[in-house]
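What the coordinates show
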Amino acid sequence: MSKSPVTCHVLDSSIGKPAAGIPVQLQQLRSANGPASTFTVLAEGVTDYDGRCMQLYPEAGPGQKREDLIKLQAGQLYKVVFRTKEYFESTGRKCFYPWVEITFEVVNPAEHYHIPLLISPYSYTTYRGS
């Protein structure tokens, strides 16, 4: 199977290890109304033992290929949502950011978009990965 056009990697910088078991959603902007903008869920996944979610595809129906189900569009806004609260609770820690939402714009749909996320209970950071 080919790689998803959008992938992510989550590292818990407070313990220096991958963050496994974080629910992840890939969403696409449907209606831009300022603060009331709406997004549609395209795919869901969970970070693996290495903190990666490499297959953000919707489920394929009979005769469909998963990689054909998501075609990124130039100029379109997408969002990756990480539900970090469950991860921190599972390790006996509280956190300030229960969800981390990273919105990005696709400039070239032929490119791969990798979204790394570094988390700790009271902060997070991200960058454009490769």
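A short tour of the structure in this document, coming up. Predicted model only: the values in this text are computed from it and were never measured. (Residues numbered from 1 in each chain as written. Predicted model: local features only at pLDDT ≥ 70, side-chain atom pairs only at ≥ 80, totals over all residues. Heavy atoms only, no water.)

What about the nonpolar core?
Among the nonpolar cores identified, the biggest contains 25 residues, and Val6, Ile22, Val24, Val80, Phe82, Phe104 and Ile119 are the most heavily contacted of them. Going through the elements one at a time, strand E1 (6–12), strand E3 (23–31), strand E4 (38–46), strand E6 (77–82), helix H1 (84–90), strand E7 (100–105) and strand E8 (113–120) are the ones with two or more residues in this core. Among the elements that take part in this core, E8 stands out by supplying four residues, more than any other. Every residue in contact with Ile119, bar those within four places of it in the chain, is listed here: Val10, Leu11, Asp12, Ser13, Ser14, Ala19, Ile22, Thr84, Tyr87, Phe88 and Tyr124. (Core = buried A, V, L, I, M, F, W, Y, C linked by side-chain atoms within 4.5 Å. Buried < 20%, exposed > 50% of the residue type's maximum accessible area, 1.4 Å probe, protein only. Helix = DSSP H or I, 4+ residues; strand = E, 2+ residues; numbered from the N terminus. Contact = heavy atoms within 4.5 Å.)

Looking at the packing of aromatic side chains
All told, the structure shown has five aromatic pairs when counted by the stated rule. When the ring of Tyr87 is compared with that of Phe88, the centres are 5.1 Å apart and the planes differ by 70°; the resulting orientation is edge-to-face. Each member of the pair, Tyr87 as well as Phe88, carries the same accessibility label: buried. In this structure an aromatic cluster arises from ring pairing among Tyr78, Phe104 and Tyr113. Its guanidinium or amino end placed over the ring of Phe39, Lys79 lies 4.0 Å from that ring's centre, counting from NZ or CZ. (Phe/Tyr/Trp six-rings, centres within 6.5 Å; stacked < 30°, edge-to-face > 60°. Lys NZ or Arg CZ within 6 Å of the ring centre and 35° of its normal.)

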